[in-house]
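Chain by chain, the residues:
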Amino acid sequence: MKATILSPHIDDAAFGLTLTISKLIENNIPVQLINCFTKTKWTGVFVSKDIEVVSALRKQEDVAFNQYLGSAIQVTNLELLDAPLRNNYIHQFHPFNETELELIEQLKNHLLQQADGLLFCPLALGNHIDHVLCLEAIIQLYPKIKVVFFEDLPYANRITLDEINSHVNNLAKRLDVKLDSFISGLDKCTVDKNHAVHLYKSQVDEAICAEIMAHQNTLNGERLWGKTDHLDLLKTILN
């Protein structure tokens, strides 16, 4: 058993899956993290507008996260341009353009070559175009891969449960499956997610950290979505 995590940006995996990743590692499951759109000048708090400076800093923050988890994660950075560097929008309000269709194909090809075991993919709550591209690649590959979906943070904390359920139902229709939920809980968890989130200093302030932790505290963990047999596989590993 192996786990592959598809993270649109450096930080998305940590924000959505720190507890789950830590438990996978504690159960001796090899974890591969694929960070997709890693060329960037985006910061949540101002650091620099230089692409090389910001991209390098964000990778250093990801190294710190990995070290916090015992340096057990195999990390691959795809070095794709993030949305602000590609265009003048970050949310999807129209069909994919030619560049985005090419990016979806690149993601699919990489996943077919590199992804192994159970794959974790963001739901694209919040409609950030980079998250949507990752999700679309998975939708087009399904059912060639075993996949579990995680909730994008802090976006998931900004919408209602009804809106999350509606989003999941629409995804289930596209996949032609029933998607159930599972809480990867705080029990048997030895890491502090609040500490992990704060390692991404260029991306978060106290308000964003508070949103992420509020979502965890509401759920008493991290909510995942998937087919029953894929969730059962995950439960067997985590429990």
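About the cut-offs
- Residues numbered from 1 in each chain as written.
- Predicted model: local features only at pLDDT ≥ 70, side-chain atom pairs only at ≥ 80, totals over all residues.
- Heavy atoms only, no water.
- Salt bridge = Lys/Arg side-chain N within 4 Å of Asp/Glu carboxyl O.
- Helix = DSSP H or I, 4+ residues; strand = E, 2+ residues; numbered from the N terminus.
- Buried < 20%, exposed > 50% of the residue type's maximum accessible area, 1.4 Å probe, protein only.
- Polar contact = N/O pair within 3.5 Å; in protein donor to acceptor, adjacent residues only side chain to side chain.
- Contact = heavy atoms within 4.5 Å.
- Pairing = 2+ DSSP bridges.
- Axes fitted to C-alpha atoms, helices over the stretch in contact; angles between N-to-C directions.
- Phe/Tyr/Trp six-rings, centres within 6.5 Å; stacked < 30°, edge-to-face > 60°.
- Core = buried A, V, L, I, M, F, W, Y, C linked by side-chain atoms within 4.5 Å.
- Right-handed = clockwise from strand over helix to strand, strands pointing away.

Draft legend 1. Structural detail: the pattern of salt bridges. Inspection of the entire model under this criterion finds 11 salt bridges. Residue Asp116 pairs with Lys2 through a salt bridge whose shortest N-O separation is 3.2 Å. Of the two residues, Asp116 sits in the loop between helix 4 (98-114) and strand 4 (118-122) while Lys2 sits in the segment before strand 1 (3-7), which places them 114 residues apart along the sequence. Here Asp116 falls in the partly exposed class, since its relative accessible area comes to 37%. Residue class for Lys2 comes out partly exposed when judged on its relative accessible area of 39%. Taking the shortest distance from any N to any O, the salt bridge between Glu79 and Lys59 comes out at 2.5 Å. One end of the pair, Glu79, is in the loop between strand 3 (73-77) and helix 3 (83-86); the other, Lys59, is in helix 2 (residues 51-68), with 20 residues separating them in the sequence. Looking at Glu79, the relative accessible area reads 32%, which means it is partly exposed.

Draft legend 2. Focus on the side chain of His230. Position of His230 among the secondary structure elements: in helix 9 (residues 228-238). Given a relative accessible area of 7%, His230 falls into the buried group. A polar side-chain atom of His230 sits 3.4 Å from the main-chain carbonyl oxygen of Val147. Apart from the residues lying within four places of it in its own chain, the contact partners of His230 are Leu118, Tyr142, Ile145, Lys146, Val147 and Val148.

Draft legend 3. The arrangement of unusual backbone geometry in detail. Backbone torsion omega between Tyr142 and Pro143 reads 10°, so that peptide bond is classified as cis. Within the secondary structure, Pro143 sits in the loop between helix 5 (129-141) and strand 5 (146-150). Along the chain, Leu153 connects to Pro154 via a cis peptide bond; the corresponding omega equals 10°. Within the element layout of this structure, Pro154 appears in the loop between strand 5 and helix 6 (161-175). Backbone geometry at Asn127 places phi at a positive 65°, although glycine is not the residue there. Structurally, Asn127 is set in the loop between strand 4 and helix 5.

Draft legend 4. Structural view of the sheet that holds strand 5. If you trace the seven strands from one edge of the open sheet to the other, you get 3-2-1-4-5-7-6, paired in mixed fashion. Each edge of the open sheet is held by one strand with a lone partner, namely strand 3 and strand 6 (180-185). With strand direction ignored, the average angle separating the axes of adjacent strands in the sheet is 25°. With five bridges connecting them, strand 4 and strand 5 associate as parallel partners. Residue pairing for strand 5: Leu119 is matched across the bridge by Val147. Relative to strand 7 (residues 221-226), helix 6 is tilted by about 30°, and along the sheet it contacts strand 5 and strand 7. On the sheet, helix 9 packs against strand 4, strand 5, strand 6 and strand 7 and is oriented at approximately 15° with respect to strand 6.

Draft legend 5. Spotlight on the packing of aromatic side chains. If you walk through the whole model with that rule in mind, you get two aromatic pairs. Ring centres of Phe15 and Tyr200 lie 5.9 Å apart, and the angle between their planes is 85°; this geometry places the pair in the edge-to-face category. With Phe15 in helix 1 (residues 12-26) and Tyr200 in the loop between helix 7 (193-198) and helix 8 (206-219), this residue pair connects regions lying 185 residues apart in the sequence. In this structure, Phe15 and Tyr200 share a single accessibility class: buried.

Draft legend 6. Up close: the nonpolar core. Ranked by size, the top nonpolar core spans 74 residues in total, and within it Ile21, Phe120 and Phe149 carry the most contacts. Looking at which element gives the most residues to this core, the answer is helix 5, with nine residues. Discounting chain neighbours no more than four positions away, the residues touching Ile21 are Ile5, Ala13, Val31, Phe65, Leu69 and Ile73.

Draft legend 7. Looking closely at the pairing of strand 3. With five bridges connecting them, strand 2 (residues 31-35) and strand 3 associate as parallel partners. Its bridge partner lying in strand 3, Gln32 is registered against Gln74. Each parallel crossover has a hand, and the one from strand 2 via helix 2 to strand 3 is right-handed.

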